[in-house]
Amino acid sequence: MKISLWVCLLGLAMTLHGYDLRTKALTPVAFEKPSSHAPFKLVDNGELQFVIVTDKNVEKNPRTAKSIAPAVAVIQEAFEKCTGKKPEILDVSEAEKIKKYPAKLIVGDNAVTRANGIQVLTLPKQGFAIKSIPDGLIIAGYDSSLIEDYNADVLDKRGACLGTQYGAYDFVERFLGVRYFFPGEYGTHWPKIRDLTISPVHYTDYPRFDKRGTTYYFWLSFSTPQMLRKWEANMGKLKLKDSSFAARWRIGHSNPLAGSHCPHPGILAQAYPDKLKTIFYTTPSGRFCYTAKQHTGNIFNVLDLAFADLLMEVYKAFYRSGGQRDVGVGDWCSNSAVSFGICDTYLRTVDVIGHPTVRNLNLITSADLRRGDDAAMANVYGRFYQYLGRRLEKELPGKKLYILAYYNSSFPSLDPRWRLPDNVEVNLCDFRLPIQVYNKKAMEKTVRLFREWYEALGNRPVQMVWLYNPRLDRMARAVAGEFVGEVPKILGKYLGREGQMYFDLDGVDDMWNHYYSMYAACRSQWNPDWDVGAGIDEHWSLFYGDEAGACLKEFHKILKRNVIQYYSTHDSQPGLYPPEELNRMEALLKQAEKALRPGSVEMHRFKLLAEPWPGIFESQRVRLSYERPVYLVHRLLPNEQITVDGKPSESVWERIASIPLFDPRGSQSPLKFPVDVKLAYDENGIYGLMRTSGKPKCIQQQSLWNNDNFELFFSPGVQRQTLYQIAFDAIGQQYSSFQRLLPIPQPVDLEWKPAGFKLENQVPESSWTVEFFLPFAALGVDPPPPYNCWYFNVVRNRRSEPQEYSGSSLTLGINNNLNQFGLLKFAGKGD
């Protein structure tokens, strides 16, 4: 029979049995000319007509994850869920038993697969092929479990190639109509199947990026009891150690991980206590940028090449010992690469520009400053990368240096003196991606940045791009993953494909509420040409039924349109959305809920999806109706005195009105742990009292930011010329900073200390009381006359479980958001 007739039959079979191989809801695949044969049945009137055939002994490498056995389990589960019948599994050697079945599904590498022209290790890494033969269908892929010497050395650290497993997931999605959207019993769509006929088919697929990932694993690792209780109340028990869901979304990699925060500052400091000044930076004014209490706050001393020499000593010792001598580099170093990346902390221009090395080598030029303040550090880091890369090239040949270009180390040096050697690769972090892909001006800056790196690397692309979920705009967080596929299209040749696209959720509490966005982010990393809209639109009716699905599809359409219009294409963050749009979205959610049966699978899914939206709507409406609060500061009378001892025994405190605290992000829900804040003043300064219930987290080994803490912000007057910040915890640790904002914003002065500031804590078993005194002189101002106003904000960060965040101003989660501060009004005597 002619091929054209088989094509007609193929189209008829797809119509009759409900699968569409070219559906836009799934990632596109490459079709090849299929074998010529008659269609065959896998399911006939609810009965299985096939056996699963596999070589049960072919996966012999214990140093990498198996792929074929899990693929068999995927197929077996899918047919059992969709037909109620569990397929039998036979080894390829059991020829007589196999003959009893009309058809077979051949899974993975084996004699039958090879005999039919599929040599799996010639496929792209992690890729797969699906090919029909007269009596069956082959599903096989590039699997590292087949390669004897894969990860033969413990430091090879290559990720598992799971081609057959990815092929199995594609098969059950494309032929059976299964859809995997989130973990647990409610997260998968299992269509009921009574008939399934396979017509001639042959296609292949592979990931367009070697490394694909999200914060999925962090959610599994760092879920708090509070998060799990919230999940399990509606969604049932979750197997946290079950990583199979990552494969369903095609999360994985074959090349070793590299290019992150490395080395670990605490471990390195413990290993070299006599070289702390070499490892960590000291500003020209003497501030030593090292803390043993947390990752952030440490700044590596990239101006001292002796630090690079120490790193080479560390790297070489690591390799000589086969990885046993690991002082904070092992997670991100392998036989193919070492890594270097900063500790989530800026090395500020103001702290460097006066350094002798910077002045002598002219590392910060006027041209650098014109590129922007963050770009001013380009030569400082470029010089360090060049030196470290050259030493690595000579002493550890064959190994790459992967750098994490992050914060103000994200700009390349354009100075030919600091040209990078060919062994340097870049993991570039860009906070504009992916949420601002529709912002033309923002993307011009992004493309320019990537182009500059491309040229700095000798016309080689950036190999990894670190993408971010917007932290503060909860509506934008709900759709940002859907923009991931646009990133490689915008960056073109400036982004390589051997590296990684990584979508950092920047917080995971709402990760599964917006599961469709996560799904989109991962699918787009596998193939950016996937039709995101088709994939998400298809699932609404599948997951929620036609009536509710139509409501949710319209809800999502409005949401995405508004995020693009009011957030993605604007520089102001977070977005403020029109009331009529919010009202329409809220009505659609209510309409969808009304269409669902209580207790149904669809209702469980809906509750997960809808859970954050009442709070999001409330926050938006609070912002729209927000009026700046004015808080009265009591003027102490001559007969009123306060002793700062942490014991508010003075009767005057009882006569002072409290400053109300609330959720600065806009929720109107009452605080679970109320805070009593009161202020008073005299001609010398401001007195403060804070009282909280519940024992605070106050661990000596933790930084104040990881303990329960308060933050105070003062901007004297109403011109907003300056901003002072003071923070403290219950064990007396303090932080202070000052910034001059007019006539133009100056760098934040981290060395400012409020002279005369007094703080006293009392921490009994189940509360925390603190009193403070802040002299006006410490702020460089005279005592304010009565009824004078200052901008002010106080924030309480409760780090004990359950955590809570509160403040006196609607700052939208940005504590120093001066434009949103309330006002302090200094009362007159007797007020």
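Criteria and thresholds
- Residues numbered from 1 in each chain as written.
- Predicted model: local features only at pLDDT ≥ 70, side-chain atom pairs only at ≥ 80, totals over all residues.
- Heavy atoms only, no water.
- Helix = DSSP H or I, 4+ residues; strand = E, 2+ residues; numbered from the N terminus.
- Rg over C-alpha atoms; globule rule 2.2 N^0.38 Å.
- Buried < 20%, exposed > 50% of the residue type's maximum accessible area, 1.4 Å probe, protein only.
- Salt bridge = Lys/Arg side-chain N within 4 Å of Asp/Glu carboxyl O.
- Pairing = 2+ DSSP bridges.
- Contact = heavy atoms within 4.5 Å.
- Axes fitted to C-alpha atoms, helices over the stretch in contact; angles between N-to-C directions.
- Parallel < 35°, antiparallel > 145°, perpendicular 65-115°, else oblique.
- Nonpolar A, V, L, I, M, F, W, Y, C, P; charged D, E, K, R; others polar.
- Polar contact = N/O pair within 3.5 Å; in protein donor to acceptor, adjacent residues only side chain to side chain.
- Expected span 1.5 Å × (residues − 1).
- Core = buried A, V, L, I, M, F, W, Y, C linked by side-chain atoms within 4.5 Å.
- Patch = residues over 30% accessible without salt bridge, like charges linked within 9 Å, V, L, I, M, F, W, Y side chains within 5 Å.
- Areas by Shrake-Rupley, 256 points an atom, 1.4 Å probe, with all protein chains shown as cover.
- Lys, Arg positive; Asp, Glu negative; His and termini not counted.
- Charge placed at Lys NZ, Arg CZ, Asp CG, Glu CD.
- Phe/Tyr/Trp six-rings, centres within 6.5 Å; stacked < 30°, edge-to-face > 60°.
- Lys NZ or Arg CZ within 6 Å of the ring centre and 35° of its normal.

All right, on to the overall build of the protein then. Looking only at helices and strands, the protein features 24 helices and 29 strands. On C-alpha atoms alone, the protein measures out to a radius of gyration of 31 Å, which is about the 28 Å that the 2.2 N^0.38 rule sets for 831 residues. Reported as C-alpha extents along the three principal axes, the dimensions of the protein are approximately 105 × 70 × 50 Å. The buried share among the 831 residues of the protein stands at 58%.

Taken as a whole and judged by the stated rule, the model has 35 salt bridges. Across the pair E640 and R655 runs a salt bridge, and its minimum N-O distance is 2.5 Å. One end of the pair, E640, is in the loop between β19 (630–635) and α24 (652–655); the other, R655, is in helix α24, and 15 residues separate them in sequence. With a shortest N-O distance of 2.9 Å, D676 and R691 are connected by a salt bridge. With D676 in strand β20 (residues 675–681) and R691 in strand β21 (residues 685–693), this residue pair connects regions lying 15 residues apart in the sequence. What makes D676 buried here is its relative accessible area of 18%. One network of salt bridges, in which partners are shared, links R287, R348, D351 and E751.

Another aspect to go through is the sheet that holds strand β2 (residues 40–44). Within a beta sheet, neighbouring strands are joined by backbone hydrogen bonds and run either parallel or antiparallel to one another. Strand order in the open sheet formed by 3 strands is β3-β2-β11, with antiparallel pairing between adjacent strands. Every interior strand has two partners, whereas the edge strands, β3 (47–48) and β11 (196–198), have only one. As judged from the 3 bridges shared by β2 and β11, these two strands associate in the antiparallel manner. By the bridge assignment, F40 is partnered in β11 with I198. Its contacts with the sheet put helix α2 (residues 68–83) on β2, β3 and β11, and the angle it makes with β2 is roughly 55°.

Before going further, it helps to spend a moment on the pairing of strand β24 (residues 734–740). Sheet topology places strand β23 (residues 722–729) next to β24; 7 bridges connect them, and they run antiparallel. Within β24, the residue paired with Y724 across the bridge is F738.

As a further point, take the packing of helix α19 (residues 532–544) against helix α22 (residues 601–610). Their axes nearest at 9 Å, the elements α19 and α22 cross at an angle of 130°. The pairing of α19 with α22 is recorded here as oblique in orientation. Residue-level contacts link W540, L542, F543 and Y544 of α19 to E602, R605, F606 and L609 of α22. Along the lines of polarity and charge, the residues of the contact of α19 with α22 split into 6 nonpolar, no polar and 2 charged.

Extensive coverage of β20 is indicated by the burial of 7 of its 7 residues. When β19 meets β20, the two strands line up parallel, connected through 2 bridges. Looking at the pairing, R635 lines up with Y681 of β20. The pairing of β20 with β21 spans 7 bridges and is classified as antiparallel. By the bridge assignment, D676 is partnered in β21 with R691.

It is worth spelling out the environment of E602 at this point. Tracing the backbone through its elements, the reader meets E602 in helix α22. For E602, a relative accessible area of 28% corresponds to the partly exposed category. When the C-alpha atoms of E602 and Q591 are compared, they prove to be 14 Å apart, with 11 residues separating the residues in sequence. If we skip the residues at most four places from it in the chain, E602 touches F543, Y544 and L596.

Within the fold, N110 resides in the loop between β6 (103–107) and α4 (111–115). Within polar-contact distance, the side chain of N110 engages the backbone oxygen of G108 at 3.2 Å. Contact partners of N110, with chain neighbours within four places excluded, come to V53, T54, D55 and V92.

Relative to the 26 Å expected for 18 residues at 1.5 Å per residue, helix α14 (residues 378–395) spans 26 Å between its end C-alpha atoms, a close match to the ideal helical length. Counting buried positions along α14 gives 13 out of 18 residues, so the element sits mostly inside the fold.

Our next topic: the nonpolar core. Where a protein is soluble and globular, its nonpolar side chains tend to be buried together. Among the nonpolar cores identified, the biggest contains 196 residues, and L42, F171, Y315, F340 and Y515 are the most heavily contacted of them. The element that contributes the greatest number of residues to this core is helix α11 (residues 305–320), accounting for 10 residues. Counting residues in each nonpolar core, the second largest holds 34 residues, with I686, M690, F792 and F826 among its members.

What follows is about a positive patch on the surface. Taken together, K441, K445, R448 and R451 make up a surface patch of like positive charges. Here K445 lies in helix α15 (residues 440–456). According to the relative accessible area criterion, K445 is partly exposed, its value standing at 46%.

A separate point is the packing of aromatic side chains. Enumeration over the complete set of coordinates arrives at 58 aromatic pairs. Both rings, one in F300 and one in F307, keep their centres 5.3 Å apart while their planes meet at 25°; by these two values the pair is stacked. Classification of F300 as buried rests on a relative accessible area of 4%. Residues W613 and F617 carry aromatic rings whose centres are separated by 5.6 Å and whose planes lie at 40° to one another, so their mutual orientation is tilted. Here W613 pairs with F617, and both are found in helix α23 (residues 613–624), just 4 residues apart, close to one helical turn. Taken as a pair, W613 and F617 share a single burial class, namely buried. In textbook terms, an aromatic cluster arises when at least three aromatic residues are bridged by ring pairs, as seen for F181, F182, W249, W512, Y515, Y516, Y519, W530, W540, F543 and Y544. Here the guanidinium or amino end of R22 rests over the ring plane of F31, the centre of that ring lying 4.0 Å away. Residue placement shows R158 over the ring face of Y150; its charged tip is 4.1 Å from the ring centre.

Note that every value here comes from positions in space, so none of it alone points to a role or purpose.
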